[in-house]
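Overview (structure and organization)
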Amino acid sequence: MKQPILLCYNLEGERLNRIRLAAMRLKIRVRPVKKEEYGKALGALCGLFPLEEEAGEPGGFDDEMLVMANFPAGMMNLLLQTMRRTGVTPVALKAVLTPTNAAWDSVRLHEEIAAEHAALSGGTGPVHGRG
């Protein structure tokens with residue numbers, strides 16, 4: 001099995017250090033993603049396939065976001081619990097790498113989960129499958 005990896009977006013300083021500490025306790029590799037990498041496929045950022053030299057137009061966003069890849073059953077909950085115990089305030093946008101979103105770039109994933117988060121926070125329910 002591949003090593004678990006946590007992609008971190010727009011996290012820095014003490015906040016990133018606390019997340020890194022929580023992840024290290026669980027042997028999760030932390031990879032901060034630079035804005036210039038936002039146009040690259042998520043699967044490539046996670047090491048599942050080679051990084052393309054040329055990527056799509058990166059676009060951007062300023063929200064904090066976490067993407068978890070190669071997590072065995074239960075590890076996501078352990079990471080979130082460990083983050084809480086070490087004083088990390090929750091990151092609102094979180095996703096798990098899937099076969100479907102592995103080909104997406106960071107901006108597309110952000111758009112999807114930000115819309116989902118807004119729908120759930122606003123009480124309108126999931127946006128997937130809407131037409």
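A quick note: this is a predicted structure, and the numbers were derived from the prediction, not measured.

**Quick look at the nonpolar core**
- Among the nonpolar cores identified, the biggest contains 20 residues, and L7, Y9, L42, M65, V67, L97 and L109 are the most heavily contacted of them.
- Counting residues per element, the ones that place at least two in this core are β1 (5-9), α2 (42-45), β3 (65-69), β4 (93-96) and α4 (106-121).
- In this structure M65 touches L7, C8, Y9, L11, V91, L93, S106, L109, H110 and I113, once residues within four positions along its chain are discounted.
- With 18 residues, the next largest nonpolar core counts I19, A22, I28 and M75 among its residues.

**Quick notes on a positive patch on the surface**
- A cluster of basic residues, R25, R84, R85 and K94, forms a positive patch at the surface.
- The exposure class assigned to R85 is exposed, which follows from its relative accessible area of 63%.

**As for the environment of Q81**
- Structurally, the position occupied by Q81 is in helix α3 (residues 75-85).
- On the basis of relative accessible area, Q81 is assigned to the partly exposed category, the value being 34%.
- Once the C-alpha coordinates of Q81 and A22 are considered, the two residues, 59 residues apart in sequence, prove to be 9.0 Å apart.

**Some remarks on unusual backbone geometry**
- In this structure, N10 takes a positive phi of about 55° despite not being glycine.
- For N10, the location among the structural elements is in the loop between β1 and α1 (13-25).
- Although it is not a glycine, K27 sits at a positive phi angle of roughly 60°.
- Note on placement: K27 falls in the loop between α1 and β2 (29-33).

**Some points on the environment of F61**
- Its place among the elements puts F61 in the loop between α2 and β3.
- Judged by its relative accessible area of 6%, F61 is buried.
- Distance from F61 to V107, taken between C-alpha atoms, is 7.2 Å for residues 46 residues apart in sequence.
- Beyond its immediate stretch of four places on either side in the chain, F61 contacts Y9, N10, K35, Y38, S106, V107 and H110.

**Topic: the side chain of H110**
- Structurally, the position occupied by H110 is in helix α4.
- The exposure class of H110 is buried, given its relative accessible area of 10%.
- Look past the residues within four positions of H110 in its chain and what remains in contact with it is F61, D63, M65 and L93.

**Some points on α1**
- In this model, α1 (13 residues) spans 19 Å end to end at C-alpha, consistent with the 18 Å of a helix rising 1.5 Å per residue.
- All of the buried residues in α1 are R15, L16, I19, A22 and A23. Looking straight down α1, one finds its buried side chains confined to an arc of 125°; they lie on one side. Opposite its buried face, α1 presents the exposed residues E14, M24 and R25, each directed more than 90 degrees away.
- Structurally, α1 contributes buried residues whose contacts are with β1, β2 and α3.
- Positive backbone phi, at 60°, marks K27, one or two positions downstream of α1.

About the thresholds
- Residues numbered from 1 in each chain as written.
- Predicted model: local features only at pLDDT ≥ 70, side-chain atom pairs only at ≥ 80, totals over all residues.
- Heavy atoms only, no water.
- Core = buried A, V, L, I, M, F, W, Y, C linked by side-chain atoms within 4.5 Å.
- Buried < 20%, exposed > 50% of the residue type's maximum accessible area, 1.4 Å probe, protein only.
- Helix = DSSP H or I, 4+ residues; strand = E, 2+ residues; numbered from the N terminus.
- Contact = heavy atoms within 4.5 Å.
- Patch = residues over 30% accessible without salt bridge, like charges linked within 9 Å, V, L, I, M, F, W, Y side chains within 5 Å.
- Areas by Shrake-Rupley, 256 points an atom, 1.4 Å probe, with all protein chains shown as cover.
- Salt bridge = Lys/Arg side-chain N within 4 Å of Asp/Glu carboxyl O.
- Lys, Arg positive; Asp, Glu negative; His and termini not counted.
- Charge placed at Lys NZ, Arg CZ, Asp CG, Glu CD.
- Expected span 1.5 Å × (residues − 1).
- Arc of directions from axis to C-beta.

Purely geometric numbers; function is a separate question.
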